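Residue-level structure breakdown
This is what each chain is made of:
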Amino acid sequence: MIEWTLSIIKPDATRRNLTGEIDNIIESAGFRIIAQKRILISLEQAKKFYEIHASKPFYDDLCKFLSSEPVVVQVLEKENAIEEYRQLMGATNPTNAAEGTIRKRFAISVDQNSVHGSDAPETAAREISFFFSNVEIVG
Ligand code: CMP
């Protein structure tokens, strides 16, 4: 089934000028980037976006980090996109990420792990509408 997933290229990656390289990896893996924008999100927006993690010890630092410098948010389209993008990103903690994955190649730590991807269809729908209106998504 053709799916959409929400991807974020995080501040550690935008800071190191890795947006183009990561886009290239994504497109080479057969995803279509059907929406994309570089934005600076507020701390309040980051807290809302990651509210599911509000009880976790890393929540405050995570939200501060995501709102610290620009991010690139994007909608990716592909057959089975949600699971396939999680495979392409690699494990959350880069020390556990498989060779060739985005996080293995670029992530600095579990906090600064270069990319985010939705983890389920419901999450993808919520996360895509968090950042994009319908007119901004052009397949
Ligand atoms: P992400 O996929 O964006 O979802 C939540 C983020 O929390 C995760 O990537 C990590 O960057 C960050 N994080 C920080 N510490 C942890 C942890 N111990 N376990 C899981 N995620 C963590």
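Our structure's up above, just so we're on the same page.
1. Topic: the side chain of N113
Considering the arrangement of structural elements, one finds N113 in the loop between α6 (102-106) and β4 (115-117). The class of N113 is buried, set by a relative accessible area of 2%. Only 3.2 Å separates the side chain of N113 from the backbone oxygen of T92, close enough to count as a polar contact. If sequence neighbours within four positions are ignored, N113 has contacts with K10, D12, T92, R103 and A107.

2. Some words on the nonpolar core
Membership of the largest hydrophobic core comes to 19 residues, with the highest contact counts inside it found for I8, L66, F131 and F132. At the level of secondary structure, the elements contributing two or more residues to this core comprise β1 (2-9), β2 (32-39), α3 (43-49), α4 (59-66), β3 (71-79) and α7 (121-131). Here this core gets 4 residues from one element, more than from any other, and that element is α4. Once residues within four sequence positions are removed from consideration, I8 is found in contact with F49, L66, V71, V72, V73, S114, V115, H116 and F131.

3. Comments concerning the packing of aromatic side chains
Scanning the model with the defined rule gives 5 aromatic pairs in all. Seen from their ring centres, F31 and Y85 are 5.8 Å apart, and the 75 degrees between their planes marks the pair as edge-to-face. Of this pair, F31 sits in the loop between α2 (19-28) and β2 while Y85 is found in helix α5 (residues 81-89), placing the two residues 54 residues apart along the sequence. Plain terms: the ring middles of F130 and F131 are 4.9 Å apart, the flat faces sit at 70 degrees to each other, and that makes the pair edge-to-face. Owing to a relative accessible area of 9%, F131 belongs among the buried residues under this scheme. Three or more aromatic residues link up through ring pairs in this structure, and these residues are F49, Y50, F130 and F131. Positioned above the aromatic ring of F31, the side-chain terminus of K78 is 5.6 Å from the ring centre.

4. Observations concerning the pairing of β3
For β3, the buried fraction is high: 8 of the 9 residues fall into the buried class. Relative to β3, β1 runs antiparallel, the two sharing 8 bridges. The partner of E3 across the bridge, within β3, is K78.

5. Observations concerning the pattern of salt bridges
All told, the structure shown has 8 salt bridges when counted by the stated rule. With a closest N to O distance of 3.7 Å, R105 and E21 form a salt bridge. Highlighted residues: R105 in helix α6 and E21 in helix α2, separated in sequence by 84 residues. Classification of R105 by relative accessible area gives partly exposed; the value is 47%. By relative accessible area, E21 is classed as partly exposed at 37%. What you see here is one network of salt bridges that share partners, running through K48, E51 and R126.

Calculation criteria
- Residues numbered from 1 in each chain as written.
- Predicted model: local features only at pLDDT ≥ 70, side-chain atom pairs only at ≥ 80, totals over all residues.
- Heavy atoms only, no water.
- Helix = DSSP H or I, 4+ residues; strand = E, 2+ residues; numbered from the N terminus.
- Buried < 20%, exposed > 50% of the residue type's maximum accessible area, 1.4 Å probe, protein only.
- Polar contact = N/O pair within 3.5 Å; in protein donor to acceptor, adjacent residues only side chain to side chain.
- Contact = heavy atoms within 4.5 Å.
- Core = buried A, V, L, I, M, F, W, Y, C linked by side-chain atoms within 4.5 Å.
- Phe/Tyr/Trp six-rings, centres within 6.5 Å; stacked < 30°, edge-to-face > 60°.
- Lys NZ or Arg CZ within 6 Å of the ring centre and 35° of its normal.
- Pairing = 2+ DSSP bridges.
- Salt bridge = Lys/Arg side-chain N within 4 Å of Asp/Glu carboxyl O.

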